[in-house]
Amino acid sequence: MSQDIQNAGIGPGPYDAGPAPERAPLGSGAAGMGRILKRETHSSRAVVSVIAAALVVVVCGYALLETAVRAIGQPPWIVDPLTAAERVVALPAGMPPLLLGVTGAVVAMAGLFFFLNAVLPGRRARHLLPDRRAAVVVDDEVIAAALARRARLAANVTQQQVMVVVSRNRVVVNVRPTSGVPLRPDAVLDAVRRELEEMGPSPMPDVRIYVATAGVVGA
Amino acid sequence: MNNTPRVLNRVLIGILGIMLLGIGVLLVLLATVPAVGFWWHEWAGGVLNFWLNLFERTQFPRRQESWLWLVICFALVVVLGLMVAWVAQQGKGRTSLIVAEEDPGGVPGNVGISGGVAEQALRAALADRPDLAGVTVAAYEIRGVPALKIRVEPRQGVAPHKLAADVSSLVEALDAVIGKRTPVLIHIGSGARSRFGRAERVR
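Cut-offs used in this document
- Residue indices begin from 1 for each chain and proceed along its sequence in written order.
- Lettering of chains starts at A and numbering of ligands starts at 1, both following the order in which they are written.
- Reporting in this predicted model follows two pLDDT cut-offs: at least 70 for local features of residues, and 80 or more for side-chain atom pairs to be given and counted; totals over whole chains, interfaces and linings ignore these cut-offs and use all residues.
- Hydrogen atoms and water are omitted, and side-chain values are computed over all heavy atoms in the structure.
- The numbering of helices and of strands both runs from the N terminus, where a helix is a DSSP run of H or I of at least 4 residues and a strand a run of E of at least 2.
- Per-residue accessibility, obtained with a 1.4 Å probe over protein chains only, is compared with the maximum for each type, and a residue is labelled buried under 20%, exposed over 50%, and partly exposed between these values.
- The span expected for a helix works out to 1.5 Å for each residue beyond the first.
- As used here, the arc belongs to the directions running from the helix axis to the C-beta atoms.
- Note on contacts: a residue pair is in contact if any heavy atoms of the two residues lie within 4.5 Å.
- The convention used is that axes are lines fitted to C-alpha atoms, helices contributing only their stretch in contact, and that angles between N-to-C directions extend from 0 to 180 degrees.
- Angles below 35 degrees are treated as roughly parallel, those above 145 as roughly antiparallel, those between 65 and 115 as roughly perpendicular, and all remaining angles as oblique.
- Crossing handedness follows the turn of the near helix against the far one: under a right angle anticlockwise gives a left-handed crossing, and clockwise gives a right-handed one.
- Under the grouping applied here, Gly and all other residues not named as nonpolar or charged are polar, the nonpolar ones being Ala, Val, Leu, Ile, Met, Phe, Trp, Tyr, Cys and Pro and the charged ones Asp, Glu, Lys and Arg.
- Disulfides are defined as pairs of cysteine sulfur atoms found within 2.5 Å of each other.
- We treat two strands as partners when DSSP finds at least two bridges between them.

So, about the side chain of His187 of chain B. Inspection of the secondary structure assignment puts His187 of chain B in strand S5 (residues 184-188). The exposure class of His187 of chain B is buried, given its relative accessible area of 1%.

Shown next as structure tokens:
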């Protein structure tokens, strides 16, 4: 059915003139595609960057305001830069230690957040699929939904009784059997494995199945 | 797939993170360890005196104010401008043409094929499929070479490899129509529409 539909829009058609571009090397070669795939499976940290930039803009904007006011000899808006510097130098005094400690902890946590974002690999929850023409990236959620459907059909249970968690190197299938209906975990495991092999995601995760001891009544 | 400057992002976020972490740890130490307080008075007092001296020495000729304030203002404006430029770098790299080449035929001129061609063709081809919740096609420029990004949102339970094979054969048909192989990325993702929409039951 899908075969018919997909050719209805842009079928190959009679166009066949000119040099056939078939199997020509990609414009930027395999390395370019590899770069694209690497970029697609890793976070670009754009959101964190925008947050960081906004933070710096706010702080610098305020500093600019106070400095400019000081530079043209007007009274300060909230605090004069020199007074602020003196207060910072005198710090443990002039501020309750609890408030100071909590402020420090909050600032340190924010710093840790940014630092870890910069240092960690930032992998996205995605897998690559083999394809002869295009580079294919699949969200783990989609893989999980497909495997859950497969497991549900193999186990003959309803949709709510199967939960599949896909991570980079592992697929965990949780099944709650229907009370009174025996369930063969091996068959479900086999079905999920076969589907996964057919899919061929890279890196290939290995499959585990957990069958709940308590069943669902009346499903 | 866009041209977000990833290394720059990492470096700048890392610098900001280290600075904030240092300030935070210093504040906590100041609040808890008295010895750090003494050291801080010594060190920061010295730094403050250095700056006060600098302000003294940089006064305008016949006036009280120091021109160093203007320099600081300028530096802050530069930092602000750099931050705005940094934000503007995020997610750029979209292009409108997927093919732009000189026509080898007898008529002088260039041939440009818009990314909208690919988008309309693929959308029309995928429009009738009941197992898809959405399709978006965008053209990006990767190192000067235009590339297509096809984002497909299947409904829950659709096998991604079969969908990928279908879309990929559509792309091959598109190659034949356009007459040029562009690098293509197919992203099979999930969004709100595929997550909360009805599951695909019959195929």
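Given a rise of 1.5 Å per residue, 15 residues ought to cover 21 Å, and the 21 Å separating the end C-alpha atoms of helix H7 (residues 185-199) of chain A matches this to within 8%. Val188, Leu189, Ala191, Val192, Glu195, Leu196 and Met199 of chain A are the residues of H7 of chain A that are buried. Projection of H7 of chain A onto a plane perpendicular to its axis shows the buried side chains occupying an angular sector of 160 degrees, all on one side. Facing away from the buried side of H7 of chain A, by more than 90 degrees, are the exposed residues Asp186 and Glu197 of chain A. Its buried side turned inward, H7 of chain A meets strand S1 (126-129), helix H6 (140-155), strand S4 (170-175) and strand S5 (206-211) of chain A together with helix H5 (160-178) of chain B. Downstream of H7 of chain A by a residue or two, Gly200 of chain A has a phi angle that is positive, lying close to 65 degrees.

A few words on the packing of H7 of chain A against H5 of chain B. Between H7 of chain A and H5 of chain B, whose axes approach to 8 Å, the crossing angle comes to 25 degrees. Classed by the angle they form, the pair H7 of chain A and H5 of chain B counts as roughly parallel. Judged by the sense of rotation from one axis to the other, the crossing of H7 of chain A with H5 of chain B is left-handed. Contacts from Glu195, Glu198 and Met199 of chain A of H7 of chain A reach H5 of chain B at Pro160, His161 and Lys162 of chain B. A class-by-class count of the residues in the contact of H7 of chain A with H5 of chain B yields 2 nonpolar, 1 polar and 3 charged.

It is worth spelling out the state of the cysteines at this point. Per the counting criterion, the structure on display carries 0 disulfides over all chains. Of all cysteine sulfurs, the one in Cys73 of chain B lies closest to Cys60 of chain A, which takes part in no disulfide; the gap is 12 Å. Judged by its relative accessible area of 13%, Cys60 of chain A falls in the buried class.

All names here are of chain A. Orientation of helix H3 (residues 46-71) relative to helix H5 (residues 97-119), taken along the N-to-C sense of each, is 140 degrees, at an axis distance of 11 Å. In terms of orientation, H3 and H5 fall into the oblique class. Crossing geometry of H3 relative to H5 is assigned as left-handed. Between H3, through Val48, Ile51, Ala52 and Leu55, and H5, the contact on the second element is made entirely by Phe113, Phe114 and Asn117. A class-by-class count of the residues in the contact of H3 with H5 yields 6 nonpolar, 1 polar and no charged.

Take the sheet that holds S5 of chain B next. Taken in spatial order, the 5 strands of this open sheet run S1(A)-S2(A)-S5(B)-S4(B)-S3(B), and their pairing is mixed. The sheet terminates laterally at S1 of chain A together with strand S3 (132-142) of chain B, the two strands that pair on one side only. Each strand axis lies, on average, 20 degrees off the axis of its neighbour in the sheet, ignoring direction. Alignment of S3 of chain B against strand S4 (residues 145-154) of chain B, held across 10 bridges, turns out to be antiparallel. Residue pairing in the sheet places Ala139 of chain B in a bridge with Leu148 of chain B of S4 of chain B. Contacts from helix H4 (residues 115-126) of chain B reach S3 and S4 of chain B within the one sheet, and its direction differs from that of S3 of chain B by about 160 degrees. Sitting on the sheet, H5 of chain B is in contact with S1 and strand S2 (135-139) of chain A together with S3, S4 and S5 of chain B, with an inclination near 150 degrees to S5 of chain B.

Residues and elements named next belong to chain A. Read from one edge to the other, the open sheet built from 3 strands follows the order S3-S4-S5, with strand pairing classed as mixed. Of all strands in the sheet, those bounded by a partner on one side alone are strand S3 (162-166) and S5. Taken pair by pair, the neighbouring strands of this sheet meet at an average axis angle of 15 degrees, ignoring direction. Bridge count between S4 and S5: 6 bridges; the pairing is parallel. Within S5, the position partnered with Arg170 by the bridge is Asp206. Those strands touched by H6 are S3 and S4, and its axis lies near 145 degrees from that of S3. Contacts from H7 reach S4 and S5 within the one sheet, and its direction differs from that of S5 by about 150 degrees.

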